Amino acid sequence: MVIYTARCVLPVSSPLIREGAVAVEEGRIAAVGPRQSVLDEHGDSAEVRDLGDAVVIPGLINAHTHLE
């Protein structure tokens, strides 16, 4: 498991999480939440990658659009 931590995490269905984390296991998201909560629940044997002063957002599909 890899846990990515960042200044902000922007989930799809909930408000921005400051000092957030995303846990990924075998290519799938296992947890999203406040950094300490995710680390407490999944951090025992996980590799932690701190992304620093960044915002983690979902992948964008067709990010080039014209909203006319």
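What you see is a predicted model, and the numbers here were worked out from it, not measured in a lab.

## Considering the overall build of the protein chain
Here is step 1 of the chain: In terms of regular secondary structure, the protein chain is built from one helix and five strands.
Here is step 2 of the chain: The secondary structure elements of the protein chain, listed N-terminal to C-terminal, are β-β-β-α-β-β.
Here is step 3 of the chain: Dimensions of the protein chain, computed from C-alpha atoms along their principal axes, come out at roughly 50 × 25 × 20 Å.
Here is step 4 of the chain: Classification of the 68 residues of the protein chain by burial places 25% in the buried group.

## Observations concerning the layout of surface pockets
Here is step 1 of the chain: In this structure, the largest pocket encloses a volume near 150 Å³.
Here is step 2 of the chain: Lining the largest pocket are Val-9, Leu-10, Pro-11, Val-12, Val-22, Ile-29, Val-32, Val-56, Ile-57 and Pro-58.
Here is step 3 of the chain: Looking at the lining of the largest pocket residue by residue, the classes come out as 10 nonpolar, no polar and no charged.

## As for the pattern of salt bridges
Here is step 1 of the chain: Taken as a whole and assessed by the stated rule, the structure comprises four salt bridges.
Here is step 2 of the chain: Across the salt bridge formed by Glu-47 and Arg-49, the nearest N and O atoms sit 2.8 Å from each other.

Basis of the calculations
Residues numbered from 1 in each chain as written. Predicted model: local features only at pLDDT ≥ 70, side-chain atom pairs only at ≥ 80, totals over all residues. Heavy atoms only, no water. Helix = DSSP H or I, 4+ residues; strand = E, 2+ residues; numbered from the N terminus. Buried < 20%, exposed > 50% of the residue type's maximum accessible area, 1.4 Å probe, protein only. 1 Å grid on protein atoms, 1.4 Å probe; cavity = no way out; pocket = protein on both sides within 12 Å on 5 of 7 lines; lining within 4 Å. Points joined across faces, edges and corners; volume = space filled by probe spheres on them. Nonpolar A, V, L, I, M, F, W, Y, C, P; charged D, E, K, R; others polar. Salt bridge = Lys/Arg side-chain N within 4 Å of Asp/Glu carboxyl O.

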